[in-house]
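Take a look at the letters that make up each chain.
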Amino acid sequence: MTTPDSTPAAGGVATPPARPVRFEDPARNAAYWERVERNAAAAPPLTVEQIATLRGIFAPASRAATREAA
């Protein structure tokens, strides 16, 4: 199991990490992230095979980042 990207706040609720600024205009940036959220919500859930594939792809980068942070 991997460690979460965010730290639980008071009451055990995790605060999501800050989103990167895609566009300088705040309204355009907000619209972009709203589209991303809508697309993600409309997507079907990942299969077990897809999850395993993604973990295999990102595991080396995750291990490298963990070593650098230590």
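Procedures and definitions
Residues numbered from 1 in each chain as written. Predicted model: local features only at pLDDT ≥ 70, side-chain atom pairs only at ≥ 80, totals over all residues. Heavy atoms only, no water. Helix = DSSP H or I, 4+ residues; strand = E, 2+ residues; numbered from the N terminus. Buried < 20%, exposed > 50% of the residue type's maximum accessible area, 1.4 Å probe, protein only. Polar contact = N/O pair within 3.5 Å; in protein donor to acceptor, adjacent residues only side chain to side chain. Phe/Tyr/Trp six-rings, centres within 6.5 Å; stacked < 30°, edge-to-face > 60°.

Another point: the overall build of the protein chain. Within the protein chain, the secondary structure is distributed over two helices and zero strands. The burial tally for the protein chain puts 6% of its 70 residues in the buried class.

Relative to the helices and strands, N29 is located in helix α1 (residues 26–42). Within the structure, N29 has its side chain in polar contact with the backbone nitrogen of F23 (distance 3.2 Å).

In this section: the packing of aromatic side chains. For the coordinates displayed, the defined rule picks out two aromatic pairs. Summarising the aromatic geometry, the rings of F23 and Y32 are spaced 5.7 Å apart at their centres and angled 80° between planes, so their arrangement reads as edge-to-face. Assessed through its relative accessible area of 19%, F23 is described here as buried. Looking at Y32, the relative accessible area reads 21%, which means it is partly exposed. Measuring from centroid to centroid gives 5.0 Å for Y32 and W33, while their planes differ by 80°, and the two rings are edge-to-face. A relative accessible area of 17% means that W33 is categorised as buried. These aromatic residues form a ring-pair network of at least three members: F23, Y32 and W33.

Functional significance is not addressed by these values, which are geometric in nature.
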